[in-house]
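Spelled out, the chains give:
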Amino acid sequence: LRRTQEGFKADLFRAIAMFKAEVEGFRREFVESGPMQPDLDPKTAMERLKYLQKHLDDKARKHATFRLGEELFGLPHTTYEAFDFTRDEMERASSLYALYNDVATGVEKYQRAPLQKVGTMIGDIRAEINNFRKRLSQLPDDLKEYKAALKVATMVDEILGILPLLGMLTHRAMRPRHWQQVMVILQTVLDTDSPNFCAALLLEANLSGHQTELEELCMAAQEELVTEEKTTAIATKWQATSLTFLNYNSLGPVMLDLVQTRQLMDWLEESNVSLRSLLGSKHSRPFKHEIEELMTKFTLVNDLLDIWLGVQHIWRYVGVAFHGEDVASQLSQEAKRFEYINSVYIKLMQEAFTHRYLMMIHSHCESLRGRLVETHEQLEISQKCLTGYLDTKRQAFPRMFFVSNTILLESLSHTIEADSMKHLLIPLFDNIRGLILDPYSAGQLIGVHSEEGEQLYFPAPIQASGAIERLLGDILSGMRNALIHAADKVAREGIIQLQTGEVEAFAKGYHTQIGVLGMQFWWTDMCRRILTEGGEMSFAASAIQTVGTKLRQLLFDFKLSSLERNQIPALLVMYGSQRDNVSEMMHAKVRETSEFEWQRLQRFTWHPEDKTAISEIAGYTSPYGYEFVGCRRRLIPNASTSRCYMFAVQAMAVWSCAVLAGSPGCGKTETMKELGRLLGRFTLDLNCSAEVTYSTLTSMLAGLCHSGVWGCFDRIGFLPEGVLSVMAQQFASILDAQRSGEWKGTWIDGKSFSLSENTGFFVNTLSSQLGLRADGRTSSSRAVPSSLRAHCRVMTLPEPDALAIAATR
């Protein structure tokens, strides 16, 4: 066994010696012709690496076998420095050329893939190429100088540089027209429809050499896509949009939905603006014809809808009137004519309903336009007839000048009912908010009620039928007769109740305004007798204090109704005013009725022979107007309001216009309206604005002149300059008619007017509009012209005394 072992050991030594020589030779071959030659082509180097790797693997197996033999015989391991060096160099070479192979294979794969598929893989390609770059950066520095490493760096840089352009070329914005331009730039022919169309064909055509031009082309294509999508979105909505029709009465869908149609018109206008903006872009050239065609369609349909809504408005306006019995009976021929126009319009609407999509409306645009224009002309003739008809109504009941034609016609179309008359009563009376119908006799009106619920019953029932102007006149007469009857009663009985201390019976026995009027009768009579007979004013102060005390005690009565809780404070406000007036006369030691301190106060006297209440202020005498004012909250009187009252009536006494100037919220309008309520006059609040026209102003002034209603023009500085000029001339005509005593005049347009002796008008404005402020503050309104100020008397109203008002409350 020992001799055999020695033989094997000798064989192992010989084999190891031969392996050393073989390794040395392999090392020389690797150094002289291996893949690590600096100038070696990468493909040749990879072939040599593959060849040498095979031999290296064979030698690695031998090396392992020899190590096992040495271990078996207990021999030290033999070192093979040449083998170790070569193996390390081979591993380094493998890492370099494996990267080269991966990059070459990846680039080849992407270049040969269909171009559209490459477009979906841009993100993956970029990630993989960045991974290649990372692996390249991790190579030892000496390997980075080899041709293979330089080639990898070049391929990675090239693919990363061209990748954004490939992404742009595969974008959905690219159209055949753009590929035609690409082929012109590259000076080649490309079959873009072929399934084999790939990036390699573009790279072969020197894609990178024209990168800047191609990027500009692709960006232009994307801008064109934005224009195309916006145009397509507008066109798609246009094709799907339809008009909305509403049912009207029993006629079916014969009316356009006004809100939806206005919104649709706004959309058409906005779309036209958008299309016009797109048309101004240099990227809209491929879609110029389509955009211009859409703009033309939108303009035509928008104009058609505008005409359509105008016709519909007049049709409803005229139709409402002719469906009323009053209009149909008095304008029978015109009513028959309207029936024909109405049938034509309804037929037109029924046809339009079947073609309600905008595309279909456009296709019938010319036909619809012609028929609508013709219908509009016919309806305008009917409208003019109705305007003349309404003028006769207004002449019969002048307060109708205060309401629009639409509201008046709507009222004429309804039967007389409490609810249907409400919207007409509000602008025609101070505080009538509803009618009281006789529950036992159909068609009979027995009274009216205020906003607060206070009821006023007529002396005799009124027939709720016939012409509207006659009915309104009867309501006005019934209201006045009822108040005259109540005033006569309070003058006969109410004064006695106050004198005997029956304050509760007085407070609960009369309407609020009659109670206030009765207290004025009592106070005036008491104070006049004291001054005439030489009595002491302290007696009046004591009597007034007694009444005030009992009125205040009534407020603590838990059995009072809600209406009575509004009535008693109104009487207390009058009590406070009378108390202050007596106190001022006592302080001034007034002894005679001719003294100014007595003359400047508002006094009321009842004349039983003609059942008339007369008001006197500073020599101005005015009959009570008997307008039902209900139970409104009263204005707290003070020294400022007393001066305003005296100033206003003195201006009317000399046939002038009273102007109250002051800051916003100081109480100009409410002061004038309170004066009207004290005198039983309807004071119409006319809020001026830039929308007021000459015709509106003239209509309002005509109503004031004919009806004897007071008008309060609030903030006239906001009127247009031309309307202000017309107002000055109209005021001059009215005041000239009053001064002449003929009570007739002529408007600036040549039309004549008649004037009631009770007519009065006031103007409220900001101090700055009359040049009364010097604080430099600006206003959005214009100054009142001197031509208007020439007919006015001006008083500046100070800020109200909040402490005094709070104390009275």
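The present account deals with the structure reproduced in this document. In this text the structure is predicted, and so the values were computed from the model without any measurement.

1. A short note on the overall build of the protein
Then comes step 1: Counting its regular elements, the protein contains 29 helices and 15 strands.
Then comes step 2: The principal-axis extent of the C-alpha atoms belonging to the protein is close to 175 × 70 × 60 Å.
Then comes step 3: Residues counted as buried form 47% of the 809 residues belonging to the protein.

2. Quick word on helix α9 (residues 211–240)
Then comes step 1: The terminal C-alpha atoms of α9, which comprises 30 residues, lie 43 Å apart, in line with the 44 Å expected from a rise of 1.5 Å per residue.
Then comes step 2: L214, L217, C218, A221, E224, L225, T227, T231, I234, A235 and W238 are the residues of α9 that are buried.
Then comes step 3: Looking at the packing, one finds that the buried side of α9 touches α6 (147–169), α7 (176–186), α10 (258–279), α11 (288–322) and α14 (358–363).

3. A closer look at the packing of aromatic side chains
Then comes step 1: All told, the structure shown has 18 aromatic pairs when counted by the stated rule.
Then comes step 2: A ring pair is formed by F521 and W606, whose centres lie 6.0 Å apart and whose planes are at 55 degrees; its orientation type is tilted. On the criterion of sequence distance, the pair formed by F521 in helix α20 (residues 512–533) and W606 in strand β6 (residues 603–607) is long-range, its members being 85 residues apart. Here the two residues F521 and W606 agree in accessibility, since each one is buried.

4. Observations regarding the pairing of strand β7 (residues 612–617)
Then comes step 1: The buried fraction of β7 is high, at five of six residues.
Then comes step 2: For β6 and β7, the ladder comprises five bridges, and the chain directions are antiparallel. Residue pairing in the sheet places R603 in a bridge with E616 of β7.
Then comes step 3: Where β6 folds back onto β7 in an antiparallel hairpin, the turn is made up of four residues, including K611, whose phi is positive at roughly 50 degrees.
Then comes step 4: Sheet topology places β7 next to strand β8 (residues 620–623); four bridges connect them, and they run antiparallel. Counterpart to I617 in the pairing with β8 is Y620.

5. Describing the sheet that holds β8
Then comes step 1: Taken in spatial order, the three strands line up as β6-β7-β8 in an open sheet, and their pairing is antiparallel. One side of each edge strand has no neighbouring strand; the edge strands of this open sheet are β6 and β8. On average, each strand axis in the sheet is tilted by 25 degrees relative to the strand beside it, whichever way the strands run.

6. Structural notes on the nonpolar core
Then comes step 1: The biggest cluster of nonpolar side chains holds 181 residues, and the ones touching the most others in it are W308, F429, L472, W523, L551 and F713.
Then comes step 2: When residues in this core are grouped by element, the largest group, 16 residues, is from α11.
Then comes step 3: What W523 contacts, discounting residues up to four positions off in sequence, is I544, Q578, N581, V582, M585, W598, L601, Q602 and R603.
Then comes step 4: By size, the runner-up hydrophobic cluster in this structure holds 70 residues, among which are L49, L160, L163 and L166.

7. Topic: unusual backbone geometry
Then comes step 1: Positioned with a positive phi, K611 is a non-glycine residue whose angle comes to about 50 degrees.
Then comes step 2: On the basis of relative accessibility, which here comes to 39%, the residue K611 falls in the partly exposed class.

8. Details of the pattern of salt bridges
Then comes step 1: For the structure shown, the criterion picks out 29 salt bridges.
Then comes step 2: Put simply, R632 and D430 hold a salt bridge, and the shortest N to O gap is 3.3 Å. Residue R632 is located in the loop between β8 and α24 (639–653), and its partner D430 is located in the loop between α17 (418–428) and β3 (434–437); the two are separated by 202 residues in the primary sequence. Per residue, the accessibility class of R632 equals that of D430, and both read buried.
Then comes step 3: The residue R528 makes a salt bridge to E616 at a minimum N-O spacing of 3.7 Å. One end of the pair, R528, is in helix α20; the other, E616, is in strand β7, and 88 residues separate them in sequence.
Then comes step 4: A network of salt bridges, in which partner residues are shared, links D488, R492, E493 and K611.

9. Side note on the sheet that holds strand β11 (residues 710–714)
Then comes step 1: Strand order in the open sheet formed by five strands is β10-β11-β14-β9-β15, with parallel pairing between adjacent strands. If you trace the sheet from one side to the other, it starts and ends with β10 (683–687) and β15 (792–796), each paired once. Neighbour-to-neighbour, the strand axes of the sheet open up by a mean angle of 20 degrees, direction not taken into account.
Then comes step 2: Across four bridges, the pairing between strand β9 (residues 657–661) and strand β14 (residues 760–765) is parallel. In the strand pairing of β14, A661 is matched with T765.
Then comes step 3: In the packing of α24 onto the sheet, contacts are made with β9, β11, β14 and β15, and the angle to β15 comes to roughly 175 degrees.
Then comes step 4: Across the sheet, helix α27 (residues 721–740) touches β9, β11 and β14, and the angle it forms with β14 is around 150 degrees.

10. Quick look at the side chain of S615
Then comes step 1: Position of S615 among the secondary structure elements: in strand β7.
Then comes step 2: Ignoring anything within four residues of it in the chain, the contact list for S615 reads Q602, R603, F604, Y620, T621, S622 and L679.

11. A look at the packing of α24 against helix α25 (residues 668–678)
Then comes step 1: Close contact between α24 and α25 brings their axes to 10 Å; oriented N to C, the two are set at 75 degrees. The orientation of α24 relative to α25 falls into the category roughly perpendicular. Only T671, M672, E674, L675 and L678 of α25 make contact with α24, whose side of the interface consists of T641, C644, Y645, A648 and V649.
Then comes step 2: Grouping the amino acids of the contact of α24 with α25 by side-chain chemistry returns seven nonpolar, two polar and one charged.

About the criteria used
- Residues numbered from 1 in each chain as written.
- Predicted model: local features only at pLDDT ≥ 70, side-chain atom pairs only at ≥ 80, totals over all residues.
- Heavy atoms only, no water.
- Helix = DSSP H or I, 4+ residues; strand = E, 2+ residues; numbered from the N terminus.
- Buried < 20%, exposed > 50% of the residue type's maximum accessible area, 1.4 Å probe, protein only.
- Expected span 1.5 Å × (residues − 1).
- Contact = heavy atoms within 4.5 Å.
- Phe/Tyr/Trp six-rings, centres within 6.5 Å; stacked < 30°, edge-to-face > 60°.
- Pairing = 2+ DSSP bridges.
- Axes fitted to C-alpha atoms, helices over the stretch in contact; angles between N-to-C directions.
- Core = buried A, V, L, I, M, F, W, Y, C linked by side-chain atoms within 4.5 Å.
- Salt bridge = Lys/Arg side-chain N within 4 Å of Asp/Glu carboxyl O.
- Parallel < 35°, antiparallel > 145°, perpendicular 65-115°, else oblique.
- Nonpolar A, V, L, I, M, F, W, Y, C, P; charged D, E, K, R; others polar.

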